[in-house]
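As a plain string of letters, each chain reads:
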Amino acid sequence: MDFIQTYAWIFWLGLILLFVIIEMFTLEFTFLMLAVGSVAGLASGLLGTPWYLQVVIAAVVSVLLILLLRPPLLRRLKRGADPARSNVDALLGLDGVVLSTVTALAGQVKLANGDTWTARLAPGVTVTDLVRGERVEVAAIDGATALVAPSQSKEPIV
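Residues numbered from 1 in each chain as written. Predicted model: local features only at pLDDT ≥ 70, side-chain atom pairs only at ≥ 80, totals over all residues. Heavy atoms only, no water.

### Section: the environment of Gly45
Just so we agree on the cut-off: A run of H or I in DSSP counts as a helix once it spans at least four residues, and a run of E counts as a strand once it spans at least two, with each numbered from the N terminus. Remark: exposure states derive from per-residue accessible area (1.4 Å probe, protein chains only) relative to the maximum for the residue type, with buried under 20%, exposed over 50%, and partly exposed in between.
Inspection of the secondary structure assignment puts Gly45 in helix H2 (residues 30–46). Here Gly45 falls in the partly exposed class, since its relative accessible area comes to 22%. Measuring from C-alpha to C-alpha, the distance between Gly45 and Thr126 comes to 71 Å, with 81 residues separating the pair along the chain.

This is how it looks when you write it as structure tokens:
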């Protein structure tokens, strides 16, 4: 037990280093809070606290930081995030025009962003076919296929 007490500071430094490295890859503040908890364990050890109390102190500080400090840090970090939707989210609700007849099985549409997609009717659409030139709206994306429904919009597609 004397060995553990004597060299606990090396253990804490190793943990701090490990947690900081993991945090650099995850960027979610969880491992940063664990690293700060480990700093509390190291500090208590340097003040002469027994090793088992160092572990308790590190655990309590880590849990408190994760529960109390991490959520506001994440909110503050995401406050300045780009509000623009991207990837599939950017396609949902996008208008388009039918290039070749869209049925429940196949078809092709050109979306307002200029992309041409294979398409089929979205589930729940009562129309049997959408013919060339009709306006559509993307309801969902299934792999590389746009699931479309007739559009209610009268604005021209640019």
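So that's the structure; there's more coming.
### Description of the packing of helix H1 (residues 2–26) against helix H3 (residues 51–79)
As a reminder, the rule being used: Simply put, an axis is a line fit to the C-alpha atoms, just over the touching stretch for a helix, and the angle between two N-to-C directions goes from 0 to 180 degrees. Here roughly perpendicular refers to angles of 65 to 115 degrees, roughly parallel to angles under 35, roughly antiparallel to angles over 145, and oblique to all remaining angles. Every residue pair with non-hydrogen atoms within 4.5 Å of one another is taken to be in contact.
As a packed pair, H1 and H3 sit with axes 10 Å apart at the nearest point and diverge in direction by 30°. In terms of their interaxial angle, H1 and H3 are classed as roughly parallel. Of the residues in H3, those in contact with Ile4, Gln5, Ala8 and Trp12 of H1 are Trp51, Gln54, Val55 and Ala58.

### Looking at the environment of Ala139
In this structure, Ala139 sits in strand E4 (residues 135–142). In this structure Ala139 comes out as partly exposed when scored by relative accessible area, which is 45%. For the pair Ala139 and Leu111, spaced 28 residues apart in sequence, the C-alpha to C-alpha distance is 12 Å. Apart from residues no more than four positions distant in its own chain, Ala139 is found in contact with Leu92, Ala122, Leu147 and Val148.

### What about H3?
Test applied: A helix is expected to span 1.5 Å multiplied by its residue count minus one. What the bend at a residue measures is the angle between two axes, fitted to the seven residues ending there and to the seven starting there.
With 29 residues, H3 extends 40 Å from end C-alpha to end C-alpha; this agrees with the ideal 42 Å at 1.5 Å per step. At Leu69, H3 shows its strongest bend, of approximately 40°, with the proline Pro71 following within four residues. Residues Gln54, Ala58, Ser62, Leu65, Arg70 and Leu74 constitute the buried set of H3. Its buried side turned inward, H3 meets H1 and H2.

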